[in-house]
2 protein chains.
Amino acid sequence: MSLRHAVLGLLAERPASGYDLMKLFETSLSHVWSATQSQVYGELGKLADSGLVEVAAEGPRGRKEYAITDPGRAELRHWLVETEPSRTRRSDSLLRVFFLGLLTPLEAQTYLLTEAERSARQLAGLKEAEAAIEWDDDPLSLHGRLALEYGKRLSAMHEEWARWAAEQLKAGR
Amino acid sequence: MSLRHAVLGLLAERPASGYDLMKLFETSLSHVWSATQSQVYGELGKLADSGLVEVAAEGPRGRKEYAITDPGRAELRHWLVETEPSRTRRSDSLLRVFFLGLLTPLEAQTYLLTEAERSARQLAGLKEAEAAIEWDDDPLSLHGRLALEYGKRLSAMHEEWARWAAEQLKAGR
DNA sequence: CATTGACGTGTCAAGAGTGGAATGTAAAGT
DNA sequence: ACTTTACATTCCACTCTTGACACGTCAATG
């Protein structure tokens, strides 16, 4: 249900077309929220119907530039300050850990160490991305930075945990 | 798509009815994967159709006890060792961070500190749960412990990060 | 014996999310 | 002039997930 708010949030920065939004999802939001083209256009239609956004301008190639409206801004604010983030507990990689007992101890350790390496690679990728981005003073950048730091800490934690867990399995026999 | 594997994994430990599985989802797997009753029964039906599980016994009240089959075990193993955990990046709470610029600095800091407290409470809850559980030698327990440790580390990291981020916002002005 | 509560299975509607295809226009390069 | 690339929207078919509802059984309690 947060796709709606992701779109509103992006439009709150500046007006954009569906196409623009998709690119924003792929770039700035890629590590935080993903959306496909069908979702974005669909959501824009629904948001327009309920008056939270409006078509502010039409451009070449049938381009429709959407802008957030006052009710839209109110809804966004409401979401930010008055609703709790949903704790959707669902992790594919953690689920596997529960069933590691079905593998041989060696296989299980291999799985965990592979996970550790995946995380290490991801951390490296994030650091690279961080270095590559020109951090302008745009508010999305500022807060994007906070999110990036979260990603870095998460990767690091995941790696350490996986190595620890592999160690536990080794010691447990 | 991992609900299927969660069900298979649980049935690999021991045969169970749909009702039993639901309780397992609510207890042992609650922090890792959630499932509703409709999903569980629906998935059991599909799994039975494709021969990955079978009805091993029928009990009172129309109870059907399902057991994993050899093809089921093969599928589970295949999932564990040969497929990559899906990195579905979608975090409600992180999405909000991107849009914190729409609030006043004070409101944004409040949000982050509230997040920190939520995490602290969660960590406390996990520690409590850890103390309360009798850890038998059942393989689900052993690996459940690893997952619990993950949860603890995640909560701790989340809290630290939120406090750090709030500090950043304060310093940034 | 009547009621209550835990046990147990199942269906349905609606919404969220995925993945792909169809269709076309404008701009830029060769 | 021609072709490619980028821009831009819309539609479709499918699966997954949620939440509620409907139905029925067994065991214990007062």
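For chain A, the name recorded in an unreviewed UniProt entry is PadR family transcriptional regulator, with Streptomyces noboritoensis as its organism.

Taken together, 21 residues surround DNA strand D, and among them Gln37(A), Tyr41(A), Arg63(A), Met1(B) and Ser38(B) come closest. Near the protein, meaning within 4 Å, the atoms of DNA strand D are sugar or phosphate in a fraction of 68%, with bases accounting for the rest. In the model, a phosphate oxygen of DNA strand D is placed 2.4 Å from a nitrogen or oxygen of the Tyr41(A) side chain. For the surface near DNA strand D, the elements supplying multiple residues, two or more each, are α2 (18–26) and α3 (37–49) of chain A together with α3 (37–49) of chain B. Taken together, the residues of the surface near DNA strand D sort by class into four nonpolar, nine polar and eight charged.

Contact with chain A, which involves 64 residues of that partner, is made by 64 residues of chain B. Across the chain A to chain B interface the summed buried area is about 6600 Å²; carbon plus sulfur atoms make up 66%. In this structure, Glu84(A) and Arg118(B) form a salt bridge, with 3.2 Å as the shortest nitrogen-oxygen distance. Taken together, the connections running from chain A to chain B amount to 17 residue pairs in polar contact (both at pLDDT 80 or more). Only α1 (3–13), α4 (70–82), α5 (92–98), α6 (105–132) and α7 (139–172) of chain A provide two or more residues apiece to the side of chain A that touches chain B. Per element, the largest residue contribution to the side of chain A that touches chain B is 18 residues, and it comes from α7(A). Class assignment of the residues belonging to the side of chain A that touches chain B gives a composition of 32 nonpolar, 18 polar and 14 charged.

With that settled, consider the packing of α2(A) against α3(A). All names here are of chain A. Remark: α2 packs on α3, axes separated minimally by 10 Å, with the N-to-C direction vectors making an angle of 130 degrees. The orientation of α2 with respect to α3, classified from their angle, is oblique. Between α2 and α3 the crossing geometry is right-handed. Between α2 and α3, the residues in contact are Gly18, Tyr19, Leu21, Met22 and Phe25 and Gln37, Val40, Tyr41 and Leu44, respectively. Considered class by class, the residues forming the contact of α2 with α3 number seven nonpolar, two polar and no charged.

Our focus in this paragraph is the protein's contact with DNA strand C. As a matter of local geometry, DNA strand C sits amid 19 residues, with Gln37(A), Tyr19(B), Gln37(B), Tyr41(B) and Lys64(B) nearest to it. Of what DNA strand C places within 4 Å of the protein, 67% of the atoms are sugar or phosphate. Between DNA strand C and the protein, one listed contact pairs a phosphate oxygen with a side-chain N or O atom of Gln39(A) at 3.1 Å. The contact in question runs from a phosphate oxygen of DNA strand C to an N or O atom on the side chain of Lys64(B), over 2.5 Å. Counting residues per element, the ones that place at least two in the surface near DNA strand C are α3 of chain A together with α2 (18–26) and α3 of chain B. The element that contributes the greatest number of residues to the surface near DNA strand C is α3(A), accounting for four residues.

It is worth spelling out the UniProt feature "domain: Transcription regulator PadR N-terminal" (unreviewed entry) in chain A at this point. When the UniProt feature table is mapped to this numbering, "domain: Transcription regulator PadR N-terminal" (unreviewed entry) covers residues 7–77 of chain A. Helix makes up 52% of residues 7–77 of chain A and strand 15%, with an end-to-end C-alpha separation of 13 Å.

Before going further, it helps to spend a moment on the domain arrangement of chain A. Segmenting chain A into domains produces domain 1 (3–82) and domain 2 (92–172). On a C-alpha basis, the centres of domain 1 of chain A and domain 2 of chain A stand 31 Å from each other.

Scanning the model with the defined rule gives 26 salt bridges over all chains in all. Linking Arg4(A) and Glu43(A) is a salt bridge whose minimum nitrogen-to-oxygen distance equals 3.0 Å. Remark: Glu43(A) occurs in helix α3 and Arg4(A) occurs in helix α1; sequence separation between them is 39 residues. Here the two residues Arg4(A) and Glu43(A) agree in accessibility, since each one is buried. A salt bridge links Arg63(B) to Asp20(B), with the shortest nitrogen-to-oxygen separation between them at 2.6 Å. Residue Arg63(B) is located in the loop between β1 (53–58) and β2 (64–68), and its partner Asp20(B) is located in helix α2; the two are separated by 43 residues in the primary sequence. Here the salt bridges share partners, and the residues they tie into one network are Glu130(A), Glu149(A), Lys152(A) and Arg153(A).

Mapped onto the fold, Leu146(B) is located in helix α7 (residues 139–172). In the structure, Leu146(B) is positioned 72 residues away from Ala74(B) in sequence and 24 Å away in space, judged by C-alpha atoms. Setting aside its immediate chain neighbours within four residues, Leu146(B) contacts Val97(A), Trp161(A), Trp164(A), Ala165(A), Gln168(A) and Leu169(A).

A few words now on the relation of the copies chain A and chain B. Between the two copies, chain A and chain B, the superposition gives an RMSD of 0.1 Å; the rotation angle is 180 degrees and the shift along the axis is 0.0 Å. Look at the turn and shift together and you get a two-fold axis relating the two. Looking at the interface residues of chain A, 100% of them are also at the interface in chain B, so both copies use one shared face.

Cut-offs used in this document
Residues numbered from 1 in each chain as written. Chains lettered and ligands numbered in written order. Predicted model: local features only at pLDDT ≥ 70, side-chain atom pairs only at ≥ 80, totals over all residues. Heavy atoms only, no water. Near = heavy atom within 4 Å. Polar contact = N/O pair within 3.5 Å; in protein donor to acceptor, adjacent residues only side chain to side chain. Helix = DSSP H or I, 4+ residues; strand = E, 2+ residues; numbered from the N terminus. Nonpolar A, V, L, I, M, F, W, Y, C, P; charged D, E, K, R; others polar. Contact = heavy atoms within 4.5 Å. Buried area = accessible area lost by both parts, 1.4 Å probe. Salt bridge = Lys/Arg side-chain N within 4 Å of Asp/Glu carboxyl O. Axes fitted to C-alpha atoms, helices over the stretch in contact; angles between N-to-C directions. Parallel < 35°, antiparallel > 145°, perpendicular 65-115°, else oblique. Left-handed = near helix turned anticlockwise from the far one by under 90°. UniProt positions renumbered as here; feature names shortened; annotations may be inferred. Domains from an automatic or database assignment. Buried < 20%, exposed > 50% of the residue type's maximum accessible area, 1.4 Å probe, protein only. Least-squares fit on C-alpha atoms with pLDDT ≥ 70 in both.

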